[in-house]
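# Structure assessment
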Amino acid sequence: MAAAILLSAATAFAAVEAPVGVLLAPAGDRLTELEARFADAVIAELVASGARASLLHEASPLVRASRARLPAVSAEDDWTPLTDVLSRLAARLRLGYVLLVAVNEDGGVMHVNGMLVVRGGASAELRASAAAADEGLREAAGAAARRVMELAAELPAPADPAEQAVAVPGPAPGPTRQQSAEPDAEGEERPPGQETESATGEAPGTAEAVEVTEKPQPTEDQPAAEAVPDEGAADALAQVQAALEAGELDRAGRLLRDFKDAHQPAGRFYLLRARLSMARQQRDDAIADLRQAVALQPDLVEARVRLARLLDDSGLWQDAITHYQEALAVEPNRLEALLGLARIYRDHGHRRKAVELLTEAADAGVKDPAVLTLLGELQALEDRPELAERYYLQAVAATSGERAATILERLGDLYADLHRHREALSCYLKAAELNPSRASMVQRRYREVMSAADNSVYEALTSSWSAFEDYVQNGIGEREMVYRKLADMRTQLEEAMRFADGVTPPADQRPAHAGRQYAYSLAVEAAVAALTYLDLGEGPMRERAERRHREALAELNALRGAEGG
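Quantities reported herein were computed from a predicted structural model and do not represent experimental measurements. (Residues numbered from 1 in each chain as written. Predicted model: local features only at pLDDT ≥ 70, side-chain atom pairs only at ≥ 80, totals over all residues. Heavy atoms only, no water.)

### Concerning the overall build of the protein chain
- Regarding its fold elements, the protein chain presents 21 helices and ten strands.
- Within the protein chain, buried positions represent 48% of all 565 residues.
- Relative to all contacts within the protein chain whose residues are 6 or more apart in sequence, the contacts with residues 24 or more apart total 63%.
- Working note: accessible area of the protein chain is about 26,200 Å², and carbon and sulfur atoms make up 48% of it. (Helix = DSSP H or I, 4+ residues; strand = E, 2+ residues; numbered from the N terminus. Buried < 20%, exposed > 50% of the residue type's maximum accessible area, 1.4 Å probe, protein only. Contact = heavy atoms within 4.5 Å. Areas by Shrake-Rupley, 256 points an atom, 1.4 Å probe, with all protein chains shown as cover.)

Printed below as a string of structure tokens:
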């Protein structure tokens, strides 16, 4: 498998006073799930060690804001010449270090190797290591993070030569973009014919020379911008939000570009620009801006939740978990975060975690019907029907209309699985009352349940009755055995009749239901008459039993025929 290249740029080691961060490359390559998980784990380990780390890639806000280009690199390359390139890249992005890591998966085993480059030119090798793809991933990430910390302490302090041009080589020669109009970072379209140039006007395969004297762009290392907003920034962003809510996307784009020219971009600016990208179905741009938003303003919960949702949709569910957890750390009862995190846990085999998360929220006073419904669903999956029933009932009580109808259906399904058919039908009927469009569903459920009851009565009248006929007609069998079978049959038939009597059928099924109740009563009468004959031996009672038996079968056959038609 081709290596994924992880460029990790450090932005604040505990051991050194220098910045550290994390970048994915080469530009345009898609990481596998394993590679993405490893990258996330490295970041988590760096953060746990006191560093502040962040993933960067071709769509990263740092890369886009600085208009830098990533070097084309692979695991098979001689990395020695890359020292100067990565050093200059670190200077361009205003990072202290760049960690270049190759992650290879071979036969279920992950191999990791790389080197750390300090801004200023020095570098050191990251020792190669191997780990099992799943069990050892966290350990390999921890080892890489610790090695980064050690090397950062050993290498010279980052240097940022003044007035020195920074050249970042472009990718290998060849077309790098399709010859078509493509939106830029702010949503504007570049006209055809300019797509083969880099964002800085550089031709493919050449180096760009840019003086590092330009006004610094906001990076994930500069969260202070949010603390001191520009005058009038709040009003300007309010106009952007109003345009987005009105669906005026072009106007929102223009306002965002004007804002960037007049104000220092901060967390909310990137959040709103991400919302614009989402409205335009530009998922990658939205993810990049949301990452920048939470880097600049870690407590911006809306950005965290939106980012987590997009990451989960993209398959990066572990990264999504982290952002949902960060959102809940700020707002413990944030519904979108609670539901999003619980659903990820449910979908990836961690139902117990989902149950614990939502139970804690419910016990803390969260009575949102969506939370209670999901909790009911999870309890049912955990084979705890009593708790599932309780949460479904609480959810129904907490809402009305269509939402209540949907929850009643789920409660009805729970009752049906428990063979509590009367209660199941009651739930389905209530759902239909709340939403008449569900009437066809209620009819279908009614027919399913009552058809099962009809079949049980029919089975009793045929299989159990044969022992009675063998005894009275041919003298086969013991009286006590036949009596016991008939007594069991009567109990079963009486239960079926009580069930039918307790069911409220849909309006158009009432005539058929009355016929069903009559058939069941005939079946019970046949069983009682047969038992009486065995007790007293009276011929008329035997005739009565056989007649009622024939009549009950005829009624049931008529019902079964009508259902089949």
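### Digging into the packing of helix 17 (residues 421-434) against helix 18 (residues 439-474)
- Axis separation between helix 17 and helix 18 bottoms out at 9 Å; the angle between their running directions is 165 degrees. Here helix 17 is positioned roughly antiparallel relative to helix 18, judged by the angle of their axes. In the crossing of helix 17 with helix 18, the sense of the turn from one axis to the other is left-handed. Across the interface between the two elements, His421, Leu425, Tyr428, Leu429 and Ala432 of helix 17 pack against Ala439, Met441, Val442, Arg445, Tyr446, Val449 and Met450 of helix 18.
- A class-by-class count of the residues in the contact of helix 17 with helix 18 yields ten nonpolar, one polar and one charged. (Axes fitted to C-alpha atoms, helices over the stretch in contact; angles between N-to-C directions. Parallel < 35°, antiparallel > 145°, perpendicular 65-115°, else oblique. Left-handed = near helix turned anticlockwise from the far one by under 90°. Nonpolar A, V, L, I, M, F, W, Y, C, P; charged D, E, K, R; others polar.)

### A look at the packing of helix 14 (residues 369-381) against helix 15 (residues 385-397)
- Viewed as axis vectors pointing N to C, helix 14 and helix 15 meet at an angle of 165 degrees, and their least axial separation amounts to 8 Å. If you check the angle between helix 14 and helix 15, you find them roughly antiparallel. Considering the relative orientation of helix 14 and helix 15, their crossing is left-handed. Of the residues in helix 15, those in contact with Pro369, Leu372, Thr373, Leu375, Gly376, Glu377, Gln379 and Ala380 of helix 14 are Leu387, Ala388, Tyr391, Tyr392, Gln394 and Ala395.
- Of the residues belonging to the contact of helix 14 with helix 15, the class tally is nine nonpolar, four polar and one charged.

### Considerations on the environment of Val109
- Tracing the chain through its elements places Val109 in strand 5 (residues 109-118).
- Taking the relative accessible area as the measure of exposure, Val109 reaches 30% and is therefore partly exposed.
- Taking C-alpha positions, Val109 is 6.8 Å from Ala130, a pair spaced 21 residues apart along the chain.

### Description of the nonpolar core
- If you look at the biggest cluster of nonpolar residues, it comprises 111 residues, and the most contacted ones within it are Met450, Phe468, Leu486, Leu493 and Tyr520.
- Core analysis: the second largest hydrophobic core is formed by 25 residues, Ala41, Ala124, Leu137 and Leu151 among them. (Core = buried A, V, L, I, M, F, W, Y, C linked by side-chain atoms within 4.5 Å.)

### Side note on the pattern of salt bridges
- Summed over the entire model, instances satisfying the criterion amount to 26 salt bridges.
- A salt bridge links Asp319 to Arg291, with the nearest nitrogen and oxygen atoms 2.9 Å apart. With Asp319 in helix 11 (residues 317-330) and Arg291 in helix 9 (residues 283-296), the pair connects residues that are 28 residues apart, well separated along the chain. With respect to class, Asp319 is no different from Arg291; both count as buried.
- Overlapping salt bridges, with partners in common, bring together Arg346, Asp347, Glu377 and Arg410 in one network. (Salt bridge = Lys/Arg side-chain N within 4 Å of Asp/Glu carboxyl O.)

### Topic: the confidence of the model for the protein chain
- Here the protein chain averages 77 in pLDDT, and 73% of its residues register 70 or above.
- This stretch, residues 11-16, has a pLDDT under 50; its non-local contacts, to residues over four places away or in other chains, come to 27 contacts.
- Note on residues 162-229: pLDDT is under 50 here. Beyond four places in sequence and across chains, it has 137 contacts. (pLDDT = per-residue confidence, 0-100.)

### Some words on unusual backbone geometry
- Phi at Gln281 takes a positive value of approximately 65 degrees, unusual for a residue other than glycine.
- Residue position: Gln281 is located in the loop between helix 8 (267-279) and helix 9.
- For Asp383, which is not a glycine, the phi torsion comes out positive at approximately 60 degrees.

### Focus on the packing of aromatic side chains
- In the structure shown here, the tally under the stated rule is four aromatic pairs.
- Ring geometry for Trp465 against Phe468: centres 4.9 Å apart, planes inclined by 55 degrees, an arrangement best described as tilted. Taken together, the residues Trp465 and Phe468, both in helix 18 and three residues apart, mark about one turn of the helix.
- Since its relative accessible area comes to 1%, Trp465 is described here as buried.
- Ring centres of Phe468 and Tyr533 lie 6.2 Å apart, and the angle between their planes is 90 degrees; this geometry places the pair in the edge-to-face category. Of this pair, Phe468 sits in helix 18 while Tyr533 sits in helix 20 (residues 510-536), and the two are 65 residues apart along the sequence. (Phe/Tyr/Trp six-rings, centres within 6.5 Å; stacked < 30°, edge-to-face > 60°.)

### Quick notes on helix 18
- Taking 1.5 Å of rise per residue, 36 residues should cover 52 Å, and helix 18 covers 51 Å from first to last C-alpha, within 8% of that figure.
- Trp465 marks the point of greatest bend in helix 18, at about 35 degrees.
- Backbone geometry just after helix 18 places Gly475 at a positive phi near 70 degrees. (Expected span 1.5 Å × (residues − 1). Bend = angle between axes of the 7 residues up to and from the residue.)

### Some thoughts on helix 6 (residues 233-245)
- The terminal C-alpha atoms of helix 6 lie 18 Å apart, and with 13 residues this matches the ideal 18 Å at 1.5 Å per residue to within 8%.
- Within the span of helix 6, buried status applies to Ala233, Ala236, Leu237, Val240, Ala243 and Leu244. Summarising the axial view, the buried residues of helix 6 lie within an arc of 115 degrees, below the 170-degree limit, and thus occupy one face. Facing away from the buried surface of helix 6 by more than 90 degrees, the exposed residues are Ala234, Asp235 and Glu245.
- Against the buried residues of helix 6 lie helix 7 (249-262) and helix 8.
- Just past helix 6, the residue Gly247 takes up positive phi, approximately 80 degrees. (Arc of directions from axis to C-beta.)

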